[in-house]
Amino acid sequence: MTNAQENTAVQAKTFTRTVSSARQFQNAFVGGLIALGTGIVLIPLFLIVGQVIFNGISAISVDFFVQTERQMSAITGGGGVLNAIVGTIIMVGLALVMGLLIGIGTGIFLAEFSEHPLVPLIRVMSDVLTGIPAIVVGLVVYGLLIATKLTGYSAIAGGVALGLIMIPIIVRATEEVLKLVPTNIREAGLALGLPRWKVTLSIVLPAASSGIITGAILGVSRVSGEAAPLLFTSLGNPDLVWNILQPMGAMPLSVYNLAFKALTPAQNAQAWAGALVLMLFILMTNIAARTLSKRR
Amino acid sequence: MSNPFQVQVAERTASTAAIRLEAKDVSIFYGDKEAVKKVGVSFRSNTVNALIGPSGCGKTTFLRAINRMHDLTPGARVTGQLMLDGINLYGSDVDPVDVRRRIGMVFQKPNPFPTMSIYDNVAAGLKLAGETNKSKLDGVVEKSLRGAALWEEVKDRLKAPGASLSGGQQQRLCIARALSVDPEILLMDEPTSALDPQSTARIEDLMESLKEQVTIVIVTHNMQQASRVSDTTSFFLLGDLIEHSPTAQMFTNPKDQRTEAYISGKFG
Ligand SMILES: Nc1ncnc2c1ncn2[C@@H]1O[C@H](COP(=O)(O)OP(=O)(O)OP(=O)(O)O)[C@@H](O)[C@H]1O
Ligand SMILES: [Mg+2]
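Conventions we followed
- Residues numbered from 1 in each chain as written.
- Chains lettered and ligands numbered in written order.
- Predicted model: local features only at pLDDT ≥ 70, side-chain atom pairs only at ≥ 80, totals over all residues.
- Heavy atoms only, no water.
- Salt bridge = Lys/Arg side-chain N within 4 Å of Asp/Glu carboxyl O.
- Helix = DSSP H or I, 4+ residues; strand = E, 2+ residues; numbered from the N terminus.
- Buried < 20%, exposed > 50% of the residue type's maximum accessible area, 1.4 Å probe, protein only.
- Contact = heavy atoms within 4.5 Å.
- Buried area = accessible area lost by both parts, 1.4 Å probe.
- Polar contact = N/O pair within 3.5 Å; in protein donor to acceptor, adjacent residues only side chain to side chain.
- Near = heavy atom within 4 Å.
- Areas by Shrake-Rupley, 256 points an atom, 1.4 Å probe, with all protein chains shown as cover.
- Nonpolar A, V, L, I, M, F, W, Y, C, P; charged D, E, K, R; others polar.
- Phe/Tyr/Trp six-rings, centres within 6.5 Å; stacked < 30°, edge-to-face > 60°.
- Lys NZ or Arg CZ within 6 Å of the ring centre and 35° of its normal.
- Donors = N, O, S within 2.8 Å, 3.2 Å for Na, K, Ca; no water.
- 1 Å grid on protein atoms, 1.4 Å probe; cavity = no way out; pocket = protein on both sides within 12 Å on 5 of 7 lines; lining within 4 Å.
- Points joined across faces, edges and corners; volume = space filled by probe spheres on them.
- Axes fitted to C-alpha atoms, helices over the stretch in contact; angles between N-to-C directions.
- Parallel < 35°, antiparallel > 145°, perpendicular 65-115°, else oblique.
- Left-handed = near helix turned anticlockwise from the far one by under 90°.

Peer 1: Outline the pattern of salt bridges, listing residues and values.
Peer 2: Counted by the stated rule, this structure contains 26 salt bridges over all chains. A:Arg186 is the salt-bridge partner of A:Glu112, the closest N and O atoms lying 2.6 Å from each other. Within this pair, whereas A:Glu112 is found in helix α3 (residues 82-112), its partner A:Arg186 is found in helix α7 (residues 183-191), the two being separated by 74 residues in sequence. Residue A:Arg186 is classed as buried on the basis of its relative accessible area of 16%. With a shortest N-O distance of 3.6 Å, B:Arg146 and B:Glu152 are connected by a salt bridge.

Peer 1: Tell me about the interface of chain A and chain B, and name the residues and values.
Peer 2: Contact with chain A, which involves 17 residues of that partner, is made by 23 residues of chain B. For the pair chain A and chain B, the two sides together bury roughly 1700 Å², of which 71% comes from carbon and sulfur. Among the residues chain A hides against chain B, the three largest losses belong to A:Glu187, A:Ala191 and A:Leu192. Together they make up 33% of the total. Viewed at the interface, chain B and chain A are joined by one salt bridge. Where A:Glu187 meets B:Arg64, a salt bridge forms, and the shortest distance between an N and an O atom there is 2.6 Å. At the boundary of chain A and chain B, one finds four residue pairs in polar contact (both at pLDDT 80 or more). Within the residue set of the side of chain A that touches chain B, elements represented by two or more residues are α7 and α8 (196-224) of chain A. Among the elements that make up the side of chain A that touches chain B, the one with the highest residue count is α7(A) (seven residues).

Peer 1: An account of unusual backbone geometry is requested, with residue identities and associated values reported.
Peer 2: In this model, A:Lys149 sits at a positive phi of 65°, which is unusual for a non-glycine residue. Tracing the chain through its elements places A:Lys149 in the loop between α5 (134-146) and α6 (155-180). According to the relative accessible area criterion, A:Lys149 is exposed, its value standing at 70%. Within the chain, B:Arg68 stands out as a residue other than glycine whose phi angle is a positive 55°. Among the structural elements, B:Arg68 can be located in the loop between α2 (59-66) and β4 (76-84).

Peer 1: Break down the site of ligand 1 for me, citing the residues and quoting the values.
Peer 2: Residue and element names in this part refer to chain B. Among the 13 residues in the neighbourhood of ligand 1, the closest are listed as Ser55, Gly56, Thr60, Thr61 and His221. Here an oxygen atom of ligand 1 sits 2.8 Å away from a polar atom, N or O, in the side chain of Lys59. With respect to ligand 1, the side chain of His221 contributes an N or O atom lying 2.6 Å from an oxygen atom. Summarising the interface, the protein chains cover 64% of the accessible area of ligand 1, which totals 640 Å² for the free molecule. Of all elements in the fold, only β2 (33-44) and α2 reach the threshold of two or more residues within the shell around ligand 1. Class assignment for the residues of the shell around ligand 1 results in three nonpolar, seven polar and three charged.

Peer 1: Describe in detail the packing of aromatic side chains, supporting the description with residues and values.
Peer 2: Per the stated rule, a full pass over the model turns up seven aromatic pairs over all chains. Here the aromatic rings of A:Phe64 and A:Phe65 are separated by 5.9 Å at their centres, their planes lie at 90°, and the arrangement is edge-to-face. Residue class for A:Phe64 comes out buried when judged on its relative accessible area of 1%. Here the aromatic rings of B:Phe62 and B:Phe236 are separated by 5.5 Å at their centres, their planes lie at 40°, and the arrangement is tilted. Residue B:Phe62 is located in helix α2, and its partner B:Phe236 is located in strand β9 (residues 232-237); the two are separated by 174 residues in the primary sequence. In this structure B:Phe62 comes out as buried when scored by relative accessible area, which is 1%. Residue B:Phe236 is classed as buried on the basis of its relative accessible area of 0%. Over the ring of B:Phe29 we find B:Arg77, and its NZ or CZ is 4.4 Å from the ring centre. The residue whose ring lies beneath B:Lys159 is B:Tyr119, and the NZ or CZ to ring-centre distance is 4.8 Å.

Peer 1: I'd like to hear about the coordination of the magnesium ion (ligand 2), residue by residue, with values.
Peer 2: All names here are of chain B. Looking at the magnesium ion (ligand 2), the protein donor atoms are Thr60 (OG1) and Gln108 (OE1), and they sit 1.9 to 2.4 Å from it. In this pair, Thr60 is assigned in helix α2 and Gln108 in the loop between β6 (103-106) and α4 (118-128), connecting sequence segments 48 residues apart. The partly exposed category is assigned to Thr60, whose relative accessible area is 26%. Given a relative accessible area of 36%, Gln108 falls into the partly exposed group.

Peer 1: Outline α7(A), listing residues and values.
Peer 2: All names here are of chain A. Most of α7 is tucked away, with seven of its nine residues classed as buried. Where α7 is concerned, the buried positions are Ile185, Arg186, Glu187, Ala188, Gly189, Leu190 and Ala191. Phi turns positive, to about 80°, at Gly193, one or two residues after α7.

Peer 1: So what about the layout of surface pockets? Which residues, and what values?
Peer 2: By volume, the largest pocket amounts to about 500 Å³. What lines the largest pocket is a set of 21 residues, and nearest its centre among them are A:Glu112, A:Thr183, A:Arg186, A:Arg196 and B:Leu72. Those elements that place two or more of their residues in the lining of the largest pocket are α3, α6, α7 and α8 of chain A. Looking at the lining of the largest pocket residue by residue, the class counts come to nine nonpolar, four polar and eight charged.

Peer 1: Go over the packing of helix α7 (residues 167-180) of chain B against helix α8 (residues 197-210) of chain B, please, and point to the residues and values.
Peer 2: All names here are of chain B. The geometry of α7 relative to α8 is characterised by a closest axis approach of 12 Å and an angle of 15° between their N-to-C directions. On the basis of the axis angle, α7 is roughly parallel to α8. As for how α7 packs across α8, the hand of that crossing is left-handed. Together, Arg172, Ile175 and Leu179 of α7 and Ser199, Ile203, Leu206 and Leu210 of α8 make up the contact between the two elements. Of the residues contributing to the contact of α7 with α8, the split by class is five nonpolar, one polar and one charged.

Now the structure itself:
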């Protein structure tokens, strides 16, 4: 080292030292603010989760998962929400099929054929659909399927209502992850002499699959908690049914019904327990979505 | 090097074979910007043709026009005629998918299919075109990987993701992928710029042997490479084709002083 270099090195050292104590303070201060903010966000979360667990845990039992609402009794107790669990799985499953088929198709169209003149219109329609209140979606499906006697009050009608809510979520997720797939991947496929649709379906879509799966799971966790779109469509059913042409129960409907009709503290606890099961279900799908998107 | 420019090789092939590819008045625009200006050039069958010139002069742009890769670039436009065996590739009755099936391409940056294994990257072209015969696919994959000088390095891990390879290996994987579909014309955009000297030599040997079946157009920044592998060289400058000559002639006795300045390293 020459003298001049040594000088600058010494200067640099003192310089960093003076700054670092101020910076340490700033760091600690900002860190504290962040911790405080996080705490404020977490408090309501813990309040909600805590209250649901506190009130509902006493009603959780094996019976609660293997018996139906029909078997509930204010006098003898018992009964469960199997009818609602099965109903939610069936209707959310129907909604998922509909959401994936239409949502992925539309998302591909928006992302891969963005030069098409209909794209802006479809994108706006999808965004508007996101904003329509769930209860309105329920009414519309009632008007389209039930009032017209195409179906009765049924799981299929409920599934369609939930599907309509899920579609824009999957459209958005699909479009966004497809846009993240680099253009040069598409070009590589095209340069092999493959038609565009094949490149899209066999090369681009798989590259985006984990993002689409994440979107689908978020869609599932969003619609599983919806009671409003089911009120005029699947109606609810205290019995366990598998036929999708019949009225069918669902977890959010059960929570709503049980909370209203509870005559005894035990039944009240059952309503809370229903909420707890619903919450755990949604929590699990969310965790699944996050693990999948992290693995990417 | 006693004979750096392979005079005989160039003369042997460049002047006798039939014209395979011909550009007539080809201009390529990005929006209003004319990136390639009224280029006229022809490449003969079974030759290697180098495109050289400073960065940004339009080499990639011209190369991508040959297999209609610009069709999907918003705002890009090609005018003039690009003929393959006398048929205009931009004719209204020509399907760009057919064009690309016959004219393969290796891109400037390696672009393996991200979700696919090494094997599937190479087999994808045939598989997606409907080939299901496993032993045929196996054969093509091995042959293509050998051709791209990658086989020895990956033969024990063909199921590993293509993206797990190093940059240079990925580029060779992309070369293998391009070879797998047996193109008649092969466009190569700086295929060896990310490779070590050994792999580069293997790829250059490959070009030499591929010439028997294929006509190659290669972009390169490496003058030695151009002189080693190519029969003709085209020098681009700011979108203009300044000179197109047999390689030996271009490097020993360029017609244009700008060519001379460039190949002697005075600019670019
Ligand atoms: N997609 C594009 N949109 C607009 N302009 C572009 C596009 N691609 C290239 N250009 C421009 O066209 C000109 C030629 O670019 P091109 O990529 O063909 O150069 P190149 O000769 O291949 O350069 P390099 O040796 O650096 O690869 C450049 O000025 C570049 O900025
Ligand atoms: Mg280039």
